[in-house]
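Examination of the molecular architecture
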Amino acid sequence: GEDVEQSLFLSVREGDSSVINCTYTDSSSTYLYWYKQEPGAGLQLLTYIFSNMDMKQDQRLTVLLNKKDKHLSLRIADTQTGDSAIYFCAVPRYSSASKIIFGSGTRLSIRP
Amino acid sequence: EAGVAQSPRYKIIEKRQSVAFWCNPISGHATLYWYQQILGQGPKLLIQFQNNGVVDDSQLPKDRFSAERLKGVDSTLKIQPAKLEDSAVYLCASSLSGTEQFFGPGTRLTVL
C-alpha cells in the first residue's frame, strides 16, 4: 500500500540549516506538500512542489524532489526559534490526487 | 478570508458516551475532509465530502462513526459510542480545487 515515511526528530542550532527528509512509495502526478503544525494548532500549508519539478525555492524554504528515488526534502535556511514545530510531508494517493497521505511528522527543535 | 472553523476545541468524555464535532469550511469550498490525528502520528483521512455527497469513507469505522454534510456547507462528525482508542485530535479541512487543503484548529477529544 501507499506509505510516507519521515524521521521523527531533528535538532539544529539556531542559524543553521534544517533538512527534513521524506520517502514515499507512490504518488499521483500532482503536487507534493509540506505542512507545519505548531503546538495546539491545525496544519498550515508551508510549501508544495509540482511533480514535474525537481526543486522549488521560496524565501528560506527549498524543496527538493527526486522522483526516481521517491524522496522529498525540505530545507529551512537560517533556522529560527519560530521554526520549532512538527513538519509533515504529504503525498497524494496514486489512485486519487484529492486524497493525500501524511507522514508521521518530524519534530524540529532549535538549540540556542 | 475566514478560515476553517471547528468546535468545540476540547472535549472530555467517558467511554461509551457519544460526542459530536462541528466544522464550518471556508466559504465556497466544495470539498470537505475529516481527519483523525492520534498523538505522534500524521492525520489519517476518515471521510471526504464533495458538496453534500460522500466521495470516500473507506477509513471511517462505520459501526461507531458517522458524518454528514446535509446542505453541502457545514459538517458534523459523530462518535457513538466512544472507545478509549478514539482519543485524538479531529481535524477538518476544506479545499476549493481538491489540491490545497486548508485545516481548522482541530478538536482534541479525550476518552476516559
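The structure this text deals with has already been given above.
All of these numbers come straight from a predicted model, not from anything done at the bench.

1. Describing the overall build of chain B
When you go through chain B residue by residue, the secondary structure sums to zero helices and 11 strands. Of the regular secondary structure in chain B, the N- to C-terminal order runs β-β-β-β-β-β-β-β-β-β-β. Over its C-alpha trace chain B gives a radius of gyration of 13 Å, about what one expects of a compact globule, namely 13 Å for 112 residues. The principal-axis extents of the C-alpha atoms in chain B amount to approximately 40 × 25 × 25 Å.

2. A short note on the packing of aromatic side chains
Within the structure shown, the criterion is met by 14 aromatic pairs over all chains. For the pair Tyr31(A) and Phe50(A), a centre-to-centre distance of 4.9 Å together with 65 degrees between the ring planes defines the contact as edge-to-face. One end of the pair, Tyr31(A), is in strand E4 (residues 31-37); the other, Phe50(A), is in strand E5 (residues 43-50), with 19 residues separating them in the sequence. We classify Phe50(A) as partly exposed; its relative accessible area is 27%. Aromatic side chains Tyr33(A) and Tyr35(A) sit 6.1 Å apart centroid to centroid with 45 degrees between the ring planes, which places their arrangement in the tilted category. The same class applies to Tyr33(A) as to Tyr35(A), namely buried. What links up through ring pairs into an aromatic cluster is the set Tyr31(A), Tyr33(A), Tyr35(A), Tyr48(A), Phe50(A), Phe88(A), Phe102(A), Tyr33(B), Tyr35(B) and Phe103(B). Sitting over the face of the ring of Tyr48(A), Lys56(A) holds its NZ or CZ atom 3.8 Å from the ring centroid.

3. Some points on the layout of surface pockets
Empty space within the largest pocket amounts to approximately 590 Å³. If you go around the largest pocket, you meet 30 residues; those closest to its centre are Gln37(A), Ile86(A), Leu39(B), Gly40(B) and Arg108(B). When residues of the lining of the largest pocket are traced back to their parent elements, those giving at least two are strand E9 (85-93) and strand E11 (106-111) of chain A together with strand E9 (88-95) and strand E11 (107-111) of chain B. The dominant element in the lining of the largest pocket, judged by the number of residues it contributes, is E11(B), at four residues. Of the residues assigned to the lining of the largest pocket, the class counts are 14 nonpolar, 12 polar and four charged. As a volume, the second largest pocket reaches approximately 410 Å³. Along the walls of the second largest pocket sit 19 residues, with Ile101(A), Phe102(A), Pro43(B), Lys44(B) and Leu45(B) positioned nearest its centre. Put simply, the parts of the chain that give the lining of the second largest pocket at least two residues each are strand E10 (96-102) of chain A together with strand E4 (31-37) and strand E5 (44-50) of chain B.

4. A few points about the state of the cysteines
Counted by the stated rule, this structure contains two disulfides over all chains. Note on cysteine connectivity: Cys22(A) is disulfide-linked to Cys89(A), with sulfurs 2.0 Å apart. Across the S-S bond linking Cys22(A) and Cys89(A), the dihedral sits near -65 degrees, which makes this disulfide left-handed. Placement of Cys22(A) in strand E3 (residues 18-24) and of Cys89(A) in strand E9 is noted, with a sequence separation of 67 residues between them. Cys22(A) gets classed as buried once you look at its relative accessible area, which sits at 1%. Linked covalently through their sulfurs, Cys23(B) and Cys92(B) form a disulfide whose S-S length is 1.9 Å. A torsion of -70 degrees about the S-S bond marks the disulfide between Cys23(B) and Cys92(B) as left-handed. Taken together, the positions of Cys23(B) in strand E3 (residues 19-24) and Cys92(B) in strand E9 put the pair 69 residues apart, joining distant regions of the chain.

Reading the values: the criteria
Residues numbered from 1 in each chain as written. Chains lettered and ligands numbered in written order. Predicted model: local features only at pLDDT ≥ 70, side-chain atom pairs only at ≥ 80, totals over all residues. Heavy atoms only, no water. Helix = DSSP H or I, 4+ residues; strand = E, 2+ residues; numbered from the N terminus. Rg over C-alpha atoms; globule rule 2.2 N^0.38 Å. Phe/Tyr/Trp six-rings, centres within 6.5 Å; stacked < 30°, edge-to-face > 60°. Buried < 20%, exposed > 50% of the residue type's maximum accessible area, 1.4 Å probe, protein only. Lys NZ or Arg CZ within 6 Å of the ring centre and 35° of its normal. 1 Å grid on protein atoms, 1.4 Å probe; cavity = no way out; pocket = protein on both sides within 12 Å on 5 of 7 lines; lining within 4 Å. Points joined across faces, edges and corners; volume = space filled by probe spheres on them. Nonpolar A, V, L, I, M, F, W, Y, C, P; charged D, E, K, R; others polar. Disulfide = S-S within 2.5 Å.

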